[in-house]
Amino acid sequence: MIGQYYLGRPGAGRLTEGEILQAVAVKRLWNVDLRRQLRYYMAKNPPILESDVSNKVAVGFGRKLVKTVTGFMFKNGAITYRYPDGMERLRDYVEDVFRCNGEQAENVALGRDQSRFGAAYEMLWVDKGDVHPRFHRVHASQIMPVWYEQVEPRMRCAVNFYHTSDGVDHYDVYYDDVVQRFVQDGGHLLLTDESRHWFGMVPVIEYRNNEEGQGDIECVEGLIDAFDRLVSNAVDEDAKFADALLTIVNASLSDDDMDDVQSKRVLELPENSSAAYLTKPDTYTSKKALMDKIESLIHSLSGIPKLDDRDAMAQTSGEALKYLFASFEDMVAGEKQSYFDDGLRQRLRMLCSYESWLENLGLPDEEGETSYDPSGIVIEWTRNLPAETTNIVDNAIKAAPYMSRRTMVEQLHKAGLVSNVDDEMARLDEQDAAEDGGILDETIEAY
């Protein structure tokens, strides 16, 4: 779980040395939870690996849950942007920056961190000698946002702390106008650099998973531990069966007889005698039922559906699969998407703030529009479900008289029938121009 650290009210100014170190100390306490969640994600579940069972089986439920969420919500192309009419300049700029930064892969990485840690973090900067703004994910364990103490959360600054190979501890503090860089010398911080940036706000974005900052694995860690214990005990019992004691009734075996048993796997006994292994009653059926129940609870309480069972695999249409994801949409996806949208809008505002400063285009241009105003951009999400192509096409055709041609092409893009909206619009314009030219030629020939 990732909490929120509050310190000072608006106008409080820069953090002092003590405040920076205190914020980092709190973050390091929170990192204990992050390391545990990372271990569950890596199938190195702490309780079972630290237990006294002989065969320690850590089942990778944490990884499965996170991968299901990421694949369903954050696949490449799942997040798209619709720009206001006449804002081609804004669209070209944003798409160019996105291409330079691998925006789709970045969203996947952020979605994965958001799911497994409870929050994901992204940093923006500009490399020396380059005019393109950059953004990239920063590991959740090394960023500590500091928030103002007020009703509406607002980030005061963010501390990025890390240790380099030369043995130096670094503390970079990002404010809404400057970046201060410190190194630790003994118990004190030395300011080594202060540089201005032009993003208009703290260039660190937090993508929370939910209000509590809880990861998708945390709420079912106890159930995962119980499942690990059941599986490990079952493996232990199988191993013990291979070493079970052989009991013989009304007979005795010589050393030669024992050698024959071990080498030839044959045992000859006199009449009215018997032999059997000393084992506990088989409880596999009851354990299997309990394991199935725990697995069902893991998916039910996390809100993340089980897609590899027989019922899920039998569903071949997107509409049918929507019912399997109904609880996920209600319990998890809606809140997750809302917080992620907030982060994406913050990213767009900072990118446009930087470009407006760079080209001094903060005022309306000749057409009377603000070229780099991102408020009209609409963020659209597409879930990773089989597309109902026939229904989408039929509905688009029926609604064609009431929608623009671009909107129709965008709907066909969602159905997977159009690979790129802009390319398809260009082809349609070329087709219209060719048809208009053909009509004009026929008219001229008629005269």
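Before any of the text, the structure's been laid out above.
Residues numbered from 1 in each chain as written. Predicted model: local features only at pLDDT ≥ 70, side-chain atom pairs only at ≥ 80, totals over all residues. Heavy atoms only, no water.

Q: Would you mind going over the nonpolar core with me for this structure?
A: Most often, soluble globular proteins have nonpolar side chains that are buried together. Formed by 52 residues in total, the largest nonpolar core has its most connected members in M73, I79, Y81, L90, I298, F328 and F340. Setting aside chain neighbours within four positions, we find Y81 in contact with F98, E103, N107, L344, R347, L348, I377, V378 and I379. With 18 residues, the next largest nonpolar core counts L7, V26, C157 and Y171 among its residues. (Core = buried A, V, L, I, M, F, W, Y, C linked by side-chain atoms within 4.5 Å. Buried < 20%, exposed > 50% of the residue type's maximum accessible area, 1.4 Å probe, protein only. Contact = heavy atoms within 4.5 Å.)

Q: Got a minute to help me understand the packing of helix α3 (residues 61–73) against helix α11 (residues 326–359) in this structure?
A: Between α3 and α11, the least distance of the axes is 12 Å, while the angle of their chain directions is 65°. When the axes of α3 and α11 are compared, the pair comes out roughly perpendicular. Regarding α3 and α11, the two cross each other, and that crossing is right-handed. In this structure, α3 uses V69, F72 and M73 to contact α11, whose residues at the interface are F328, E329, A333, K336 and Q337. Class assignment for the residues of the contact of α3 with α11 results in five nonpolar, one polar and two charged. (Axes fitted to C-alpha atoms, helices over the stretch in contact; angles between N-to-C directions. Helix = DSSP H or I, 4+ residues; strand = E, 2+ residues; numbered from the N terminus. Parallel < 35°, antiparallel > 145°, perpendicular 65-115°, else oblique. Left-handed = near helix turned anticlockwise from the far one by under 90°. Nonpolar A, V, L, I, M, F, W, Y, C, P; charged D, E, K, R; others polar.)

Q: Explanation requested: a nonpolar patch on the surface in the structure shown.
A: A contiguous nonpolar surface patch, about 350 Å² in accessible area, is contributed by V131, W198, W357 and L358. Residue position: W198 is located in the loop between β9 (188–196) and β10 (204–208). Judged by its relative accessible area of 32%, W198 falls in the partly exposed class. (Patch = residues over 30% accessible without salt bridge, like charges linked within 9 Å, V, L, I, M, F, W, Y side chains within 5 Å. Areas by Shrake-Rupley, 256 points an atom, 1.4 Å probe, with all protein chains shown as cover. Salt bridge = Lys/Arg side-chain N within 4 Å of Asp/Glu carboxyl O.)

Q: Looking at this structure, I do not really get the packing of α3 against helix α5 (residues 103–117). What am I missing?
A: The packing of two helices is summarised by the inter-axis angle and the distance between the axes. In contact at an axis separation of 9 Å, α3 and α5 are set at 140° when each is read in the N-to-C sense. Accordingly, the angle class assigned to the pair α3 and α5 is oblique. In this structure, α3 crosses over α5, and the sense of that crossing is right-handed. Residue-level contacts link V66, V69 and T70 of α3 to V108, G111, R112, S115 and R116 of α5.

Q: How should I be thinking about the packing of aromatic side chains in this particular structure?
A: Aromatic ring pairs: the centre-centre distance and the angle between the two ring planes describe each pair. Applying the stated rule across the entire model yields 13 aromatic pairs. Aromatic pair F72 and F328: ring centres 5.5 Å apart, planes at 70°, arrangement edge-to-face. Residue F72 is located in helix α3, and its partner F328 is located in helix α11; the two are separated by 256 residues in the primary sequence. Ring centres of Y207 and F340 lie 4.7 Å apart, and the angle between their planes is 40°; on these two criteria the pair is classed as tilted. Linking Y207 in strand β10 with F340 in helix α11, this pair joins segments that are 133 residues apart in sequence. Across this residue pair, the class does not change: Y207 and F340 are buried. Here R196 stacks its cationic end above the ring of W198, 4.6 Å away from the centre of that ring. (Phe/Tyr/Trp six-rings, centres within 6.5 Å; stacked < 30°, edge-to-face > 60°. Lys NZ or Arg CZ within 6 Å of the ring centre and 35° of its normal.)

Q: Could you clarify how one ought to interpret the side chain of K287 in this entry?
A: With respect to the helices and strands, the residue K287 is situated in helix α8 (residues 284–302). With near-sequence residues (within four places) excluded, K287 lies in contact with L230, N233, A234 and E237.

Q: Before we go on, may I ask you to explain the side chain of E106 in this structure?
A: Turning to its location among the elements, E106 is positioned in helix α5. Of the polar contacts made by the side chain of E106, one reaches the backbone nitrogen of R137; its length is 2.7 Å. Those residues in contact with E106, other than ones at most four positions away along the chain, are E122, F135, H136, R137 and R347. (Polar contact = N/O pair within 3.5 Å; in protein donor to acceptor, adjacent residues only side chain to side chain.)

Q: I keep staring at the pairing of strand β4 (residues 133–138) and nothing clicks. Help me out?
A: The side chains of a regular strand alternate between both faces of the sheet. Sheet topology note: the strand β3 (residues 119–126)/β4 ladder contains six bridges and is antiparallel. Bridge pairing links L124 to F135 in β4. What sits between the antiparallel neighbours β3 and β4 is a turn of six residues, in which G129 has the positive phi angle 85°. (Pairing = 2+ DSSP bridges.)

Q: What is the right way to look at the sheet that holds β3 in this model?
A: The pairing of strands in a sheet comes from backbone hydrogen bonds and takes either a parallel or an antiparallel form. Spatially, the three strands line up as an open sheet ordered β4-β3-β10, and their pairing is antiparallel. Each of the sheet's edge strands pairs with one partner strand only, and the pair in question is β4 and β10. Averaged over all pairs of adjacent strands, the angle between their axes in this sheet comes to 25°, without regard to strand direction. The strands that α11 touches are β3, β4 and β10; relative to β10, the one it contacts most, it runs at about 165°.

Q: Please clarify how a negative patch on the surface should be interpreted in this entry.
A: Taken together, the side chains of D255, D256, D257, D259 and E268 make up a negatively charged region of the molecular surface. Considering the arrangement of structural elements, one finds D255 in helix α7 (residues 255–264). (Lys, Arg positive; Asp, Glu negative; His and termini not counted. Charge placed at Lys NZ, Arg CZ, Asp CG, Glu CD.)

Q: Help me understand the pattern of salt bridges in this model?
A: Pairs can form between side chains of opposite charge once their charged atoms are near each other. What the rule picks out here adds up to 27 salt bridges. In this structure, the salt-bridge partner of R383 is E329, at a minimum N-O distance of 2.7 Å. Taken together, the residues R383 in the loop between β13 (378–381) and α12 (389–399) and E329 in helix α11 connect sequence positions 54 residues apart. The exposure class of R383 is buried, given its relative accessible area of 17%. Accessibility expressed as a relative area gives 27% for E329, which makes it partly exposed. Taken together, the shared-partner salt bridges connect D33, R36, E218 and E221 into one network.

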